[in-house]
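Coordinate inspection notes
The chain contents come next:
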Amino acid sequence: MGAYYPDGNGKEYNDEAAYDRGGTTAAQKAVKDCGSSALFLAATLCYTGAVMLYVYTDIFGQGSDGDLWRAFLQNYTRFQKFGIAGMVLTVVQFVPLVLIAVGMWRFYLACKGEGIPSAGGVMMARAGMLFNLILGIISAVLSIGFGILVFVETSGGHGGGHHVADGRAAILGMIIGLALLLVLLIVYYRKAIRCADIVRDICQRGETEQNLPVILIVANFALAFFSVLGLLGKINTQMQEQLDFVILAGGVFQIVPEIAMGICILKLRERLFLV
């Protein structure tokens, strides 16, 4: 058994786990390299851009129903009647985005600094992901419940023939689709939160007994693929007129973090296998 070195948290480990005599393990070094990489910086920058774009389009922007700030300034009575709920929802949805963005910046700066990176940024991003998961579950459950209510209410209707039947089939398809999306949402965020927990353990203890989930890597690349298809479709539609910069920027800000984080997690997983 080799000599022991403290890791700065009152714990000890031997030469086999140690990266250097300064108290950084090989796993911590891998996390530090990943968090300070150009790929992680690109993901952080673009995710921050997406948050700023959300503020521009949904709070101060030009949306058909989302221009709540202008509605407030121009017609307070109208805002009082119709805009308060929408503004509250917009602000609530903004909170987890900010938590994740700030957490990513904190983690990046911690990894760029000296010594063992702090897990504070990871935990902040984890809180944002958990918040997003809760909001997604609530939204999906309410939508599914509303769809079921409409489906049940139309089941005893008379007349309409095949038009009613087609409408009920569409509602049923929507319910099934939302249920599937809910399952995928829960799986994705559970794996993302588990990934954050693993990185936290490495930062705090110098090692982990788990490895990063492969399904999270696959999911990120799959999301990027469908995001690219969606952006290309929007560009093709816009080419007949003038290309909207907001649409293009929004697509880039969505695609880059998905690809960059997928590669970062893949590389970190490979490094941890060698520890």
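Structural data are supplied above this passage.
Read on for an overview of the structure. (Residues numbered from 1 in each chain as written. Predicted model: local features only at pLDDT ≥ 70, side-chain atom pairs only at ≥ 80, totals over all residues. Heavy atoms only, no water.)

Each helix and strand counted, the protein has 8 helices and 2 strands in total. Of the regular secondary structure in the protein, the N- to C-terminal order runs β-β-α-α-α-α-α-α-α-α. Residues classed as buried in the protein amount to 34% of the 275 residues present. Within the protein, contacts between residues at least 6 apart in sequence are counted, and of these 67% link residues at least 24 apart. When the accessible surface of the protein is split by element, carbon and sulfur atoms take 65% of a total near 16100 Å². (Helix = DSSP H or I, 4+ residues; strand = E, 2+ residues; numbered from the N terminus. Buried < 20%, exposed > 50% of the residue type's maximum accessible area, 1.4 Å probe, protein only. Contact = heavy atoms within 4.5 Å. Areas by Shrake-Rupley, 256 points an atom, 1.4 Å probe, with all protein chains shown as cover.)

Residues F225, F226, V228, L229 and L232 make up a contiguous nonpolar surface patch of roughly 500 Å² in combined accessible area. Residue placement: L229 occurs in helix 7 (residues 214–238). L229 sits in the partly exposed class, given a relative accessible area of 42%. (Patch = residues over 30% accessible without salt bridge, like charges linked within 9 Å, V, L, I, M, F, W, Y side chains within 5 Å. Salt bridge = Lys/Arg side-chain N within 4 Å of Asp/Glu carboxyl O.)

Take the environment of K234 next. Position of K234 among the secondary structure elements: in helix 7. Taking the C-alpha atoms as reference points, K234 and L248, separated by 14 residues in sequence, lie 8.6 Å from one another.

Let us now look at the nonpolar core. Residues F107 and L268 are the most contacted members of the largest nonpolar core, which totals 37 residues. Of all the elements in the fold, those that place two or more residues in this core are helix 1 (26–35), helix 2 (38–59), helix 4 (76–112), helix 5 (120–153), helix 6 (162–205), helix 7 and helix 8 (245–273). Excluding anything up to four places from it in sequence, F107 contacts V31, G35, F40, S118, G121, V122, V199 and C203. Counting residues in each nonpolar core, the second largest holds 5 residues, with A140, I144, I171 and I175 among its members. (Core = buried A, V, L, I, M, F, W, Y, C linked by side-chain atoms within 4.5 Å.)

Note on placement: N220 falls in helix 7. A distance of 3.3 Å separates polar atoms of two side chains, one belonging to N220 and the other to Y188. Contacts of N220, omitting those with residues within four sequence positions, involve Y188, E258, M261, G262 and I265. (Polar contact = N/O pair within 3.5 Å; in protein donor to acceptor, adjacent residues only side chain to side chain.)

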